Amino acid sequence: MKNIEKIEKKIKGKLRKNVSLKGYNTWKIGGNAELFFEPLDVNDLQNFLLLQNDLDITFLGNGSNVLVRDGGIKGCVICLKNTLKNYKILKNGEFIFEAGLSCMKIAQITAKENFTGLEFLCGIPGSLGGALVMNAGCYGGNIWENISTVNIIDKNGNISCRNKKEFDIGYRNVNIKENNYFISANFILQKNKLSNSMEKIKEYLEDRRAKQPTGLPSCGSVFKNPDNAHAANLIDSLDLKGYKIGGACISEKHANFIISEKNTQSDDIEKLIDFIQKKVYQEKNIFLETEVKFIGNKK
Ligand SMILES: Cc1cc2nc3c(=O)[nH]c(=O)nc-3n(C[C@H](O)[C@H](O)[C@H](O)COP(=O)(O)OP(=O)(O)OC[C@H]3O[C@@H](n4cnc5c(N)ncnc54)[C@H](O)[C@@H]3O)c2cc1C
């Protein structure tokens, strides 16, 4: 932390102290980041990482799959929500997208070019970087399916290109090394012979609006689906829709969604998650693993 003033003079992006993270996650809750950096571009990000040497680093995309705890985050949050949004369309269906681009934008860009394979991304409110970490997916697709390579930066600012084969890609999980972060990905897509990508996007969005509480603050599915079961059905079968702890409430529309009402504490959500896990285990003998990532410290 002692070199922050020196670093500030050498970078181009915005570096701020004690920033509320409520505006940077889709539950709109949680404490502050001790330091909060939004790099101007990849060079700026690299420069920042080269200059710092003692900071704890936490990457954040659109904050749509994290529970930011009430005590906030020590060290520096590097947030790509408003940056790293460049992309290139190469020949033969090759696309390069930077990690800060939203999933929605990527779905639209590729669909407009009449390439298929990423339409499913349209309703996922995350960034590409977050989607890569989570192996985000829905409607039968997942983000890693059409990837050839990814570019990674480490905590010391070293950039490397990695082949998809180097990763173990599982259900909502990818084995990226500690202190390594995604900065871009190359996709290879097929031409859409049916030219129906925009229609698919419309259908997917309508389906979501019908089944999910899309306008309310949530993180999407809180729990992973266990083998041969749906987390939402298990929770619903225990009549828990509408159950509340503090301002945290199990959605009436989709039992795997927790909605945060005004003034909800992250701790309310954590207690509700714990309650659901215990109840489902007691009644069904199944442990629901969380999909959402917990970051920061308790108050
Ligand atoms: C309404 C709603 C619907 C959703 N529907 C779906 C769905 O259908 N399918 C699905 O899979 N998910 C869904 N999600 C969950 C979420 O949108 C995805 O997991 C998304 O990919 C997370 O991206 P993000 O940028 O918001 O990641 P964040 O929440 O910002 O971060 C997630 C994790 O990735 C890390 N991280 C973020 N960026 C980087 C980076 N560049 N490099 C390294 N680590 C990084 C963070 O530290 C954190 O651990 C939904 C969420 C909501 C709110």
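Remember, predicted model here, so these are calculated numbers, not experimental data.

*Asks:* Just give me the short version of the overall build of the chain, but keep the residues and values in it.
*Replies:* From N to C terminus, the chain includes seven helices and 20 strands. Relative to a compact globule of 299 residues, whose C-alpha radius of gyration would be 19 Å, the chain shows 20 Å and is just as compact. Taken across its 299 residues, the chain has 52% of its residues classed as buried. Considering only contacts within the chain whose residues lie at least 6 apart along the sequence, 63% involve residues at least 24 apart.

*Asks:* Run through the sheet that holds strand 3 (residues 57–60), naming residues and quoting values.
*Replies:* Judged by pairing direction, the sheet is mixed, and its four strands sit side by side in the order 1-2-5-3 without closing on themselves. What marks the edges here is a single partner per strand, and that holds for strand 1 (14–20) and strand 3. Recorded for the sheet is a direction-independent mean angle of 30 degrees between the axes of neighbouring strands. Pairing between strand 2 (residues 32–38) and strand 5 (residues 73–79): four bridges, direction parallel.

*Asks:* Which residues make up the site of the ligand, and what values go with them?
*Replies:* Contacts to the ligand come from 31 residues, most closely from Phe 59, Ser 64, Ser 127, Gly 137 and Arg 208. Measuring from an oxygen atom of the ligand, one finds a backbone N or O atom of Phe 59 at 2.7 Å. In this structure, an oxygen atom belonging to the ligand sits 3.2 Å away from a side-chain N or O atom of Arg 172. Alone, the ligand offers 980 Å² of accessible surface; in the complex the protein occludes 92% of this. For the shell around the ligand, the secondary structure elements donating two or more residues are strand 3, helix 4 (128–134), strand 9 (137–138) and strand 15 (180–188). When residues of the shell around the ligand are assigned to their parent elements, the largest contribution, five residues, is made by helix 4. When its residues are assigned to classes, the shell around the ligand shows 14 nonpolar, 13 polar and four charged.

*Asks:* Mind laying out the sheet that holds strand 19 (residues 258–260), listing which residues take part and the relevant values?
*Replies:* Taken together, the three strands give an open sheet; going across it, the order is 17-18-19, and neighbouring strands pair in antiparallel fashion. Strands with a single pairing partner mark the edges of an open sheet, and in this sheet they are strand 17 (244–245) and strand 19. The pairing of strand 18 (residues 248–250) with strand 19 spans three bridges and is antiparallel. Paired with Ala 248 across the two strands is Ser 260, which belongs to strand 19. Sheet strands touched by helix 7 (residues 266–284): strand 17, strand 18 and strand 19. Its angle to strand 18, the strand with the most contacts, is close to 35 degrees.

*Asks:* Account for the nonpolar core, with residues named and values stated.
*Replies:* Ranked by internal contacts, the top residues of the largest apolar core, which has 33 residues, are Leu 121, Leu 132, Trp 144, Val 150 and Phe 187. Elements represented by at least two residues in this core include exactly strand 7 (94–98), helix 3 (103–112), helix 4, strand 11 (147–154), strand 15 and helix 5 (197–211). Setting aside chain neighbours within four positions, we find Phe 187 in contact with Gly 93, Glu 94, Phe 95, Phe 97, Leu 118, Leu 128, Ile 143, Asn 146 and Ile 147. Among the nonpolar cores identified, the runner-up in size contains 22 residues, and Leu 67, Leu 238, Ile 258 and Ile 276 belong to it.

*Asks:* Residue-level account of the side chain of Arg 69, with values.
*Replies:* Position of Arg 69 among the secondary structure elements: in the loop between strand 4 (66–68) and strand 5. In this structure the side chain of Arg 69 is engaged in a polar contact, spanning 3.2 Å, whose partner is the backbone oxygen of Gly 296.

*Asks:* How would you explain the pattern of salt bridges if you had to name every residue and give the values?
*Replies:* This structure, assessed with the given rule, holds 12 salt bridges. A salt bridge links Asp 267 to Lys 271; the shortest N-O distance between them is 3.2 Å. Here the residue Asp 267 and the residue Lys 271 both occupy positions in helix 7, the gap between them amounting to four residues, near one helical turn. Under the relative-accessibility criterion, Asp 267 is labelled partly exposed at 25%. As a salt-bridge pair, Lys 298 and Asp 267 come within 3.9 Å of each other at their nearest N and O atoms. With Lys 298 in the segment after strand 20 (293–295) and Asp 267 in helix 7, this pair connects stretches of sequence that are 31 residues apart. Look at the salt bridges and you will find they share partners, linking Arg 69, Asp 267, Glu 270, Lys 271 and Lys 298 into a network.

*Asks:* So, the side chain of Glu 270: which residues are in play, and what are the values?
*Replies:* Mapped onto the secondary structure, Glu 270 falls in helix 7. Since its relative accessible area comes to 13%, Glu 270 is described here as buried. Not counting residues within four places of it along the chain, the set of residues in contact with Glu 270 comprises Leu 67, Arg 69, Phe 294 and Lys 298.

*Asks:* Quick one: what's the story with the packing of aromatic side chains, residue by residue and with numbers?
*Replies:* Tallied over the full model, the rule gives 12 aromatic pairs. Geometrically, the ring pair formed by Phe 37 and Phe 48 is stacked, given 4.2 Å between the ring centres and 25 degrees between the ring planes. Here Phe 48 lies in helix 2 (residues 42–51) and Phe 37 lies in strand 2, a separation of 11 residues in the sequence. No difference in accessibility class separates Phe 37 from Phe 48, as the two residues are buried. Between Tyr 87 and Phe 97 the ring centres are 6.0 Å apart and the planes differ by 40 degrees, which places this aromatic pair in the tilted class. Placement of Tyr 87 in strand 6 (residues 87–89) and of Phe 97 in strand 7 is noted, with a sequence separation of 10 residues between them. When its relative accessible area of 39% is taken as the criterion, Tyr 87 is described as partly exposed. Phe 97 gets classed as buried once you look at its relative accessible area, which sits at 0%. Every member of this aromatic cluster is reached through a ring pair, and the members are Tyr 87, Phe 95, Phe 97, Phe 115 and Phe 187.

The rules behind the values
- Residues numbered from 1 in each chain as written.
- Predicted model: local features only at pLDDT ≥ 70, side-chain atom pairs only at ≥ 80, totals over all residues.
- Heavy atoms only, no water.
- Helix = DSSP H or I, 4+ residues; strand = E, 2+ residues; numbered from the N terminus.
- Rg over C-alpha atoms; globule rule 2.2 N^0.38 Å.
- Buried < 20%, exposed > 50% of the residue type's maximum accessible area, 1.4 Å probe, protein only.
- Contact = heavy atoms within 4.5 Å.
- Pairing = 2+ DSSP bridges.
- Axes fitted to C-alpha atoms, helices over the stretch in contact; angles between N-to-C directions.
- Near = heavy atom within 4 Å.
- Polar contact = N/O pair within 3.5 Å; in protein donor to acceptor, adjacent residues only side chain to side chain.
- Areas by Shrake-Rupley, 256 points an atom, 1.4 Å probe, with all protein chains shown as cover.
- Nonpolar A, V, L, I, M, F, W, Y, C, P; charged D, E, K, R; others polar.
- Core = buried A, V, L, I, M, F, W, Y, C linked by side-chain atoms within 4.5 Å.
- Salt bridge = Lys/Arg side-chain N within 4 Å of Asp/Glu carboxyl O.
- Phe/Tyr/Trp six-rings, centres within 6.5 Å; stacked < 30°, edge-to-face > 60°.

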